[in-house]
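Chain and residue survey
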Amino acid sequence: MLTIEKNIDLTPYTTLKIGAPAEFFAVLKSRADLIEAIAWAKKNKKAIWILGGGSNVLISKKIRGLVLKNEIKGMAIKKEYKQAVVVEAMSGESWSGFVNYTVINKLSGCENLFLIYGTVGAAPVQNIGAYGVELKDVFESLVAVDLKTGREKIFKANDCAFGYRNSVFKGKLKGRYFIYSVALRLSKKPILKLDYGSLREKLLEKGIKQPSSKEVIDIIFEIRNSKLPNPINFPNAGSFFKNIEVNSSAYKSLLKLYPEMPSFPVSKNKVKIPAGWLIEKAGFKGKKFGPVGMYEKQALIFVNFGGASAKQAMALVKKIQGVIKKKFGLDLEAEVNII
Ligand SMILES: Cc1cc2nc3c(=O)[nH]c(=O)nc-3n(C[C@H](O)[C@H](O)[C@H](O)COP(=O)(O)OP(=O)(O)OC[C@H]3O[C@@H](n4cnc5c(N)ncnc54)[C@H](O)[C@@H]3O)c2cc1C
């Protein structure tokens, strides 16, 4: 039977270690738990909010309703074809554990996404991406449960509206579905994407021309550990803000003021400006404001240096957004879900 607790502090459940209480809280271990939680919420007229690994959230205020911490586990090969395999993982599995499982089973496609924190179920929510690969590149389908009716629905890639750190689950279906399981199509032969800057450089440095999947995840591990702060030592939520997409003419105007401003192409008329560069240029890199600040090695990472409150965190987020707007005329959007 599902245990529903009252007034539980969510701080320890987030990698930023910033939080507030949940009015009601339950840990899900099975499908039966989920169905029971939905029925309870309906009966008690409470909204439901889902928490995975808490690595992409800034909980800024008390959450009214029922918070469900997802720990539903399991992984299995669902279908096998000549060249590919469809693997299904339950949404409470660790994402990195899942990538490791695929590499051990000689299935290729998500090596570059190794060591991204959090759960399998949250991966489609923001279409996780790293080193030139996004979840959508290997996505087959997912099963979601409607939090109002308890009914199941299958989503194919076309239904998910995947975009840059975005999907329908962050947009018009936000808060409506519980992602129950995710199926990915992986290749039996290695299909490695090795052209992303730091990955390519590391392979060159090591003299590896044709790496195995295992070598790729080992290199990703090395790169990530050298560049990104470990949330255990420096509580953080990865990249806090999204890179900013602008049209070519707006970019040209900005280049007149900042000739060194970097960009990377998105389409014929659009480029993305790295948010980390803007934040660094605005003077926030390595700067602390009380217990919060931006990481010294990577300006995009918001760090809680110890005991920060949600109020202090939100004040810095707003300050940075205000300065970027004033200095560059650009709207800096949080990649992290601010609740
Ligand atoms: C050090 C570090 C590095 C990171 N690097 C990257 C990176 O390279 N690329 C990248 O894309 N991200 C990165 N992230 C961000 C984060 O790891 C991902 O966004 C991850 O997918 C979040 O998973 P989670 O389980 O922790 O989600 P949570 O933070 O718990 O939740 C995130 C959102 O998804 C919703 N959600 C969670 N589970 C479900 C579900 N089952 N059904 C429906 N909605 C759900 C939540 O309600 C919330 O809105 C990084 C984070 C850290 C701390």
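Scroll up to find the structure.
Attention in this report is confined to the structure presented alongside it. Fair warning: this is a prediction, and the values are worked out from it, not measured in the lab.

Structural notes on the sheet that holds strand 13 (residues 236-239)
Ordered in space as 13-19-18-17, the four strands form an open sheet in which the pairing is antiparallel. Edge positions in the open sheet fall to strand 13 and strand 17 (288-289), since each of these has one partner strand only. Pairing geometry for strand 18 (residues 292-294) and strand 19 (residues 301-304), over three bridges, is antiparallel. Within strand 19, the position partnered with Val 292 by the bridge is Asn 304. Relative to strand 18, helix 8 (residues 310-328) is tilted by about 35°, and along the sheet it contacts strand 17, strand 18 and strand 19.

Description of helix 1 (residues 31-43)
The end-to-end C-alpha separation of helix 1 is 19 Å, in line with the 18 Å expected for 13 residues at 1.5 Å each. Of the residues making up helix 1, those classed as buried are Asp 33, Leu 34, Ala 37, Ile 38 and Ala 41. Along the long axis of helix 1, the arc covered by the buried residues comes to 135°, so they all point the same way. Opposite the buried face of helix 1, by more than 90 degrees, sit the exposed residues Ala 32, Lys 42 and Lys 43. On its buried face, helix 1 is in contact with strand 2 (21-28), strand 3 (48-51), strand 5 (63-70), strand 10 (139-146) and strand 12 (177-187). The positive-phi residue at the C-terminal boundary of helix 1 is Lys 45, with phi of around 55°.

Describing the pattern of salt bridges
Summed over all chains, the structure comprises 20 salt bridges. Between Lys 69 and Glu 71 there is a salt bridge, and its shortest N-O distance comes to 3.8 Å. Glu 71 gets classed as partly exposed once you look at its relative accessible area, which sits at 23%. Residue Lys 78 is joined to Glu 88 by a salt bridge in which the shortest nitrogen-to-oxygen separation is 4.0 Å. Of this pair, Lys 78 sits in strand 6 (residues 75-80) while Glu 88 sits in strand 7 (residues 84-90), placing them 10 residues apart in sequence.

A few points about the pairing of strand 10
In terms of burial, strand 10 is largely enclosed, as eight of its eight residues are buried. Direction of pairing for strand 10 relative to strand 12: antiparallel, over a ladder of seven bridges. Across the sheet, residue Phe 139 finds its bridge partner in strand 12, namely Leu 184. In sequence, strand 10 turns back onto strand 11 (residues 152-156) through a hairpin of five residues, with Gly 150 there showing a positive phi of about 80°.

So, the side chain of Glu 140
Its location among the elements puts Glu 140 in strand 10. Using a relative accessible area of 17% as the deciding quantity, one classes Glu 140 as buried. Here Arg 185 takes part through its side chain, which lies 2.9 Å from a polar atom of the side chain of Glu 140. Setting aside chain neighbours within four positions, we find Glu 140 in contact with Val 86, Lys 156, Ala 157, Ala 183, Leu 184 and Arg 185.

Quick notes on the site of the ligand
Around the ligand, 32 residues are found, and the nearest of them are Ile 50, Ser 55, Thr 119, Gln 126 and Arg 224. Within the contact set of the ligand, an oxygen atom lies 2.6 Å away from a backbone nitrogen or oxygen of Ile 50. In this structure, an oxygen atom belonging to the ligand sits 2.7 Å away from a side-chain N or O atom of Gln 126. Its free accessible area being 980 Å², the ligand has 94% of it covered by the protein chains. Contributions of two or more residues to the shell around the ligand are made by strand 3, strand 8 (129-130), strand 12 and strand 13. Its residues assigned to classes, the shell around the ligand shows 15 nonpolar, 15 polar and two charged.

How each quantity is defined
- Residues numbered from 1 in each chain as written.
- Predicted model: local features only at pLDDT ≥ 70, side-chain atom pairs only at ≥ 80, totals over all residues.
- Heavy atoms only, no water.
- Pairing = 2+ DSSP bridges.
- Helix = DSSP H or I, 4+ residues; strand = E, 2+ residues; numbered from the N terminus.
- Contact = heavy atoms within 4.5 Å.
- Axes fitted to C-alpha atoms, helices over the stretch in contact; angles between N-to-C directions.
- Expected span 1.5 Å × (residues − 1).
- Buried < 20%, exposed > 50% of the residue type's maximum accessible area, 1.4 Å probe, protein only.
- Arc of directions from axis to C-beta.
- Salt bridge = Lys/Arg side-chain N within 4 Å of Asp/Glu carboxyl O.
- Polar contact = N/O pair within 3.5 Å; in protein donor to acceptor, adjacent residues only side chain to side chain.
- Near = heavy atom within 4 Å.
- Areas by Shrake-Rupley, 256 points an atom, 1.4 Å probe, with all protein chains shown as cover.
- Nonpolar A, V, L, I, M, F, W, Y, C, P; charged D, E, K, R; others polar.

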